[in-house]
Amino acid sequence: MAALISEIIYRGIFQKNLAARIARGIVFSARKSGRWGIAFGRYGDSPQRNGIPAKDFAIVADSKEELEQNMARFEPKHTDVSIALDDTLAKGVESWAWYGLQPINRLTVPNGTLLMTSVQTFGDLLKDIHKKDAPYTLALLRAKASFSGLWVYKEDHTEARVLGALARIAPSFLSLDAVCQAIKEMEWGSDLKVESARKTHDRVETRAVKVTEGNAEIPYSFELPKWWEMREGVTIPAHFTHLPKEAGKGYVPERNPYFKKFTTRTMRPVIDFDKCVKCTLCWIQCPDSCFDVMPDATYDANMEACCGCGVCEAVCPVESCITMVNEAVFDDNASQWEMWRKDQAQYATWMASKIGDKKATARSHGFRFRGQYDEELKRSFEDGGLAVTAGIPGENAQHKAL
Ligand code: SF4
Ligand code: SF4
């Protein structure tokens, strides 16, 4: 008896429908392979929010008994295949129902597989993916992240391509023929999608990852209080609204010290402090109170708190003062303002390199205007739709008043 346990790690809302299609496709393919299967979402991630890491699971088993045994658990503790649908998830995942940051490969079993959609190199991804105490295989499906929304779906074949890759990774559970038959019979299937699955089956790239490889950083974590340590009754303690910075010349808003929101982010604001006119709009409008007020009255977005919504870029009245850039091109959450204060010329060079990085263009928050997906899909599926519709990053620049 044997089972194949897989998790599908995705960006809440943006990839909700995509993940559900993949999970359903796995189960349907299992049935076509003469096996049993079940798919379910992670209860703790509902209701979802834009971009927040979330999970679906799919289990394929040789027999009903084996499937029932796996279903008896709240959720799998280990997965044979972890599927990450966006490469910025490589930095780790923290949904609002988890307790600290989890490495993307945390549940992957020794010698299991982490499958990602990415246009980055293996080496670049391994700078972000945390080290693991067992070897595993990193498999890449060459494509940029497929983002859409609750009411729109981006028909770029990502679901079919992931299923084709799975047939290559776990052929004893999901044969390619079974996967193709399942895709063809799905309500969203087509001959073209079957072809995409076959192509991906042949083209998926793999690399063995040793225990010595990966990001050595210890992920953020904290101790949950024991039940006997909790206070009686329901009280909401008062707290400071802000902490003064540099003798009160600036200040830092009080934030939840435990919930670090940055793994929700797929883009981050890069700020040109020399252009800032100190209008306060970013600070007022940021839905997550991410901006620290600096002693010179400019505003620094705190990268542990920023969820990458892009509101600050949209409201800033100054052209190219705030630019949203693909999260994949950053290696840390250090303060941009401190970097700028230390060496303004060096900061200008850093900023230009980040905004101009080719990888930064392969990013979109999803559906932004009517016809966008059609425009993107005109690009070749062969290159994974590398170039996105013109205007990213700095898409709002031409509309600025200043
Ligand atoms: S992108 Fe800007 S507005 Fe959105 S959370 Fe980050 S700092 Fe705040
Ligand atoms: S919105 Fe732009 S100009 Fe206004 S304070 Fe923020 S960064 Fe400066």
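The rules behind each value
Starting from 1, residues in each chain are numbered consecutively following that chain's sequence as written. The naming scheme follows written order: chains are lettered A onward, ligands numbered 1 onward. Side-chain atom pairs in this predicted model are given and counted only at pLDDT of 80 or more, local residue features only at pLDDT of at least 70, and totals for whole chains, interfaces and linings cover all residues. Values reported for side chains reflect all heavy atoms of the structure, with hydrogen atoms and water molecules removed beforehand. By the criteria applied, helices consist of DSSP H or I runs no shorter than four residues and strands consist of E runs no shorter than two, each listed in order from the N terminus. When a residue's accessible area, from a 1.4 Å probe over protein chains only, is under 20% of the maximum for its type it is buried; when over 50% it is exposed; and in between it is partly exposed. In this analysis, two residues are considered to be in contact whenever any of their non-hydrogen atoms come within 4.5 Å of each other. To measure how exposed things are, a 1.4 Å probe is used in the Shrake-Rupley method; for residues, cover is taken only from the protein chains shown. Each pair of aromatic rings taken from Phe, Tyr and Trp, with Trp reduced to its six-membered ring, is defined by centres within 6.5 Å and is described as stacked if the planes are under 30 degrees apart, edge-to-face if over 60, and tilted in the remaining cases. The rule for a charge over a ring is simple: NZ of Lys or CZ of Arg within 6 Å of the ring centre, and within 35 degrees of the ring normal. Note that a disulfide, as used here, is simply two cysteine sulfur atoms within 2.5 Å. Throughout, the term near means that a residue has one or more heavy atoms lying within 4 Å of the molecule or strand in question. Polar here means any residue outside two lists: the nonpolar Ala, Val, Leu, Ile, Met, Phe, Trp, Tyr, Cys and Pro, and the charged Asp, Glu, Lys and Arg; Gly therefore counts as polar. Pairing between strands is defined by DSSP: at least two bridges between the two strands are required. To get an axis, a line is fitted to the C-alpha atoms, and for a helix only the part in contact is used. The angle between two axes follows their N-to-C directions and goes from 0 to 180 degrees.

**Q** Just checking my understanding: could you explain the overall build of the protein for this structure?
**A** Check the secondary structure of the protein and you find 11 helices and 13 strands. Per-residue burial over the protein gives 52% buried out of 402 residues. In the protein, 76% of the contacts between residues at least 6 apart in sequence involve partners at least 24 apart. Entry remark: accessible area of the protein is about 19000 Å², with carbon and sulfur atoms responsible for 55%.

**Q** Even after reading the chapter, I still don't get the packing of aromatic side chains, so can you show me in this structure?
**A** Each aromatic ring pair is specified by the distance between its two centres and by the angle formed by the two planes. Per the counting criterion, the structure on display carries 12 aromatic pairs. The interplanar angle of 40° and the centroid separation of 6.1 Å between the aromatic rings of Tyr220 and Phe222 together place this pair among those described as tilted. Owing to a relative accessible area of 27%, Tyr220 belongs among the partly exposed residues under this scheme. Using a relative accessible area of 24% as the deciding quantity, one classes Phe222 as partly exposed. Ring plane angle 85° and centroid distance 5.9 Å describe the contact between Trp227 and Trp228, whose orientation is recorded as edge-to-face. The pair formed by Trp227 and Trp228 is uniform in burial state, with each residue classed as exposed. Through pairs of rings, three or more aromatic residues link up here, namely Phe273, Phe330, Trp337, Trp340, Tyr347 and Trp350. Positioned over the ring face of Tyr153 is Arg21, at 3.7 Å from the centre of the ring. For the cation-ring pair, Arg142 lies above Phe122, with the distance from its terminal atom to the ring centre recorded as 5.9 Å.

**Q** Just to check I follow, could you spell out the state of the cysteines for this structure?
**A** Working definition: the covalent bond between the sulfur atoms of two cysteines is a disulfide. According to the stated counting rule, one finds 0 disulfides in the structure shown. With no disulfide partner, Cys290 has as its closest neighbouring cysteine sulfur the one in Cys286, 3.6 Å distant. Exposure remark for Cys290: the relative accessible area of 3% places this residue in the buried category. Cys316 provides the cysteine sulfur closest to Cys321, a residue in no disulfide bond, and the two sulfurs are 3.9 Å apart.

**Q** I tried to follow the site of ligand 2 on my own but got confused; where do I start?
**A** Taken together, Cys276, Val277, Lys278, Cys279, Thr280, Cys282, Tyr299, Cys316, Pro317, Val318, Cys321 and Ile322 make up all the residues around ligand 2. Split by residue class, the shell around ligand 2 holds 10 nonpolar, 1 polar and 1 charged.

**Q** How should I be thinking about the sheet that holds strand β3 (residues 53-61) in this particular structure?
**A** Backbone hydrogen bonds hold the strands of a sheet together, and the pairing may be parallel or antiparallel. Read from one edge of the open sheet, 7 strands run β2-β3-β1-β4-β5-β6-β7, paired in mixed fashion. In this open sheet, the two strands that pair with only one neighbour each are β2 (36-41) and β7 (205-209). Averaged over all neighbouring strand pairs, the angle between strand axes comes to 20°, with direction disregarded.

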